[in-house]
Amino acid sequence: MNPHSLRIGIGHDTHRLQPGGPLRIGGVDIPFAYELVGHSDADVLLHAITDALLGASALGDIGELFPNTAAENHNRDSIEMLSLAAAEVSKAGFQLINIDCIIFAQKPKMLDHRAAITSTIAEALKLEKSRVSVKAKTGESVGPVGKGLSIEAQCIALLYQA
Ligand SMILES: [Zn+2]
């Protein structure tokens, strides 16, 4: 593999929590008393992944592809946005090698939902599950994450240009 054909990208996202639920993370509805707020379905993890893919391929960012001023993006399913972004990346000649993600949430415990989240993402990206890593951390009870005001996510993606 020619190392010059490798591209790396990073994505980060934050959404505010409000009373409600369920909590949609990584395309999975987790039973919880709070939900994330946003123009779309506010899936913080899928947004970070989408931006990592777009970043690695230098195709812009999620806000450019799916503006929050567009009515069609209101309450939009982020799995659909991720799939569309992945299709653009593939059209530009890139192949995804792997992604590694972190969810920052004080609650709920993400470990119980990790398998479902990993499968959902792998399916959306048409990627083997062994190439999708999802980790989680609390906010150690400090800052907006630790106080339960928001949830954040980060993702790094490696692409290969054939
Ligand atoms: Zn977002």
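Scroll up for the structure.
This write-up is about the structure you can find in this document. On a predicted model such as this, the values are computed, not experimentally measured, just so you know. (Residues numbered from 1 in each chain as written. Predicted model: local features only at pLDDT ≥ 70, side-chain atom pairs only at ≥ 80, totals over all residues. Heavy atoms only, no water.)

**Looking at the pattern of salt bridges**
Then comes step 1: Evaluated as defined, the whole model comprises 7 salt bridges.
Then comes step 2: For Lys135, the salt bridge goes to Asp100, with nearest N and O atoms at 2.8 Å. One end of the pair, Lys135, is in strand 6 (residues 132–137); the other, Asp100, is in strand 5 (residues 94–104), with 35 residues separating them in the sequence.
Then comes step 3: Residue class for Lys135 comes out partly exposed when judged on its relative accessible area of 34%.
Then comes step 4: Here Glu128 ties to Arg131 by a salt bridge, and the two come within 3.5 Å at their closest N and O atoms.
Then comes step 5: Through salt bridges with shared partners, a single ionic network connects Arg24, Asp29, Asp41 and Asp77. (Salt bridge = Lys/Arg side-chain N within 4 Å of Asp/Glu carboxyl O. Helix = DSSP H or I, 4+ residues; strand = E, 2+ residues; numbered from the N terminus. Buried < 20%, exposed > 50% of the residue type's maximum accessible area, 1.4 Å probe, protein only.)

**Concerning the packing of helix 1 (residues 44–56) against helix 3 (residues 78–91)**
Then comes step 1: Two numbers describe how helix 1 lies on helix 3: the axes approach to 9 Å, and their chain directions differ by 10°. It follows that helix 1 is roughly parallel to helix 3 by the angle criterion. Between helix 1, through Leu46, His47, Ile49, Thr50, Leu53 and Leu54, and helix 3, the contact on the second element is made entirely by Ser78, Ile79, Met81, Leu82, Ala85, Ala86 and Val89.
Then comes step 2: Looking at side-chain class alone, the contact of helix 1 with helix 3 contains 10 nonpolar, 3 polar and no charged residues. (Axes fitted to C-alpha atoms, helices over the stretch in contact; angles between N-to-C directions. Parallel < 35°, antiparallel > 145°, perpendicular 65-115°, else oblique. Contact = heavy atoms within 4.5 Å. Nonpolar A, V, L, I, M, F, W, Y, C, P; charged D, E, K, R; others polar.)

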